[in-house]
Amino acid sequence: MKKHLSAEQWFMEVRKAFDAAKDPVRAAAMEAYMKNNFRFIGIPKPIRARITQELFNRFEKPTLEILDTLVPLFWETPVREYHYFAMECLFHQRKHFRESDIHVFEKMMRVHSWWDSIDFISPNLSGFLCKKYPHLLVPTCKRWNADPDFWLQRASLLVQLKYKQDTDAELLFSLIRPLLAEKDFFLRKAIGWSLREYAKYAPEKVVSFVENNPLSPLSRKEALKHLG
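Here's a quick rundown of the structure. (Residues numbered from 1 in each chain as written. Predicted model: local features only at pLDDT ≥ 70, side-chain atom pairs only at ≥ 80, totals over all residues. Heavy atoms only, no water.)

## A word on empty space enclosed by the protein
Condition: Cavity and pocket criteria rest on a 1 Å grid covering protein atoms alone: a 1.4 Å probe that fits but cannot get out defines a cavity, protein on both sides within 12 Å along at least 5 of 7 lines defines an open pocket, and an atom within 4 Å of a point defines a lining residue. Grid points are joined across faces, edges and corners, and a volume is the space filled by probe spheres set on the points. The numbering of helices and of strands both runs from the N terminus, where a helix is a DSSP run of H or I of at least 4 residues and a strand a run of E of at least 2. Put simply, Ala, Val, Leu, Ile, Met, Phe, Trp, Tyr, Cys and Pro go in the nonpolar bin, Asp, Glu, Lys and Arg in the charged bin, and everything else, Gly too, in the polar bin.
Enumeration over the complete set of coordinates arrives at 1 cavity of 30 Å³ or more. Taken as a whole, the largest cavity spans an internal volume of roughly 60 Å³. Surrounding the largest cavity, Leu157, Gln160, Leu161, Lys164, Thr167, Leu172, Ser194, Glu197 and Tyr198 form its lining. Among the elements that line the lining of the largest cavity, the one with the most residues is helix H11 (residues 185-199), at 3 residues. Residue classes in the lining of the largest cavity are distributed as 4 nonpolar, 3 polar and 2 charged.

Structure follows, in structure tokens:
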């Protein structure tokens, strides 16, 4: 029988495993790739995934109640690999998400913000939660869309990224329109990305939206990328 760990015990086990796998040479390259916005200890995704699976094989996965304490512990550290582990632990418990977890995800996106955390938390955590609690979708996306933090604005566009044919097209288009004049690369990229994904299921709607709205060249290129 697998042992149940407290949040503090989980933190210690992860730290021990990560310390044994750290690589200063890789860390320098990873920090450079992320524009030196974060400190890394040099554990690439495949190795981190193996470590995570080994820990899950030895111990019971942390429950949401444990993660209530564990995620803040990881998020308070400056090391990016700990942030990744926290996000992945939450993903493993997505079927058990509680309605109030949307506030946890929003808080995570406001701290240590960069494209890698936003692009995981918004579609994989927030998006899944809003599928489970559909009444959260519109108010959450609209609140983030109007937020002065452009990372939350990007997140608003990506919540439905994996909704496929279930995407609320009118909501998506209504979120894009207020951001069309924004010059930030990450917002323009997200506009195109969100439209490109939806175009796989409703190409006519996306083409019509692109043709009738003043998208930036980058957003337009991304949106129509697979439409010939």
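## Topic: the side chain of serine 216
Which entries qualify depends on this criterion: Burial here depends on accessible area, computed with a 1.4 Å probe over protein chains only, as a share of the maximum for the residue type. Under 20% is buried, over 50% is exposed, and the range in between is partly exposed.
If you trace the backbone, serine 216 turns up in the loop between helix H12 (203-211) and helix H13 (217-223). Relative accessible area serves as the criterion here: at 6%, serine 216 is assigned to the buried category.

## Side note on the packing of aromatic side chains
Counted only if it meets this: Aromatic pairing here means that ring centres of Phe, Tyr or Trp (its six-membered ring) are within 6.5 Å. Orientation follows from the plane angle: under 30 degrees is stacked, over 60 is edge-to-face, and everything else is tilted. Only Lys NZ and Arg CZ are tested; either one counts as a charge over a ring when it is within 6 Å of the ring centre and within 35 degrees of the ring normal.
Scanning all chains against the criterion turns up 21 aromatic pairs. Residues phenylalanine 74 and tyrosine 82 carry aromatic rings whose centres are separated by 5.6 Å and whose planes lie at 20° to one another, so their mutual orientation is stacked. Residue classification places phenylalanine 74 among the buried positions, given a relative accessible area of 1%. With relative accessibility at 5%, the residue tyrosine 82 sits in the buried group. Here phenylalanine 97 and phenylalanine 128 contribute two aromatic rings whose centre-to-centre distance is 6.3 Å and whose plane-to-plane angle is 85°, an arrangement assigned as edge-to-face. Note that phenylalanine 97 is positioned in the loop between helix H5 (80-92) and helix H6 (101-110) and phenylalanine 128 in helix H7 (residues 115-132), a separation of 31 residues in sequence. Phenylalanine 128 sits in the partly exposed class, given a relative accessible area of 31%. Grouping aromatic residues by their ring pairs yields a cluster made of Trp10, Phe11, Phe18, Phe56, Phe59, Phe74, Tyr82 and Phe85. One residue, arginine 80, lies across the ring of phenylalanine 38, its end atom 3.7 Å from the ring centre.

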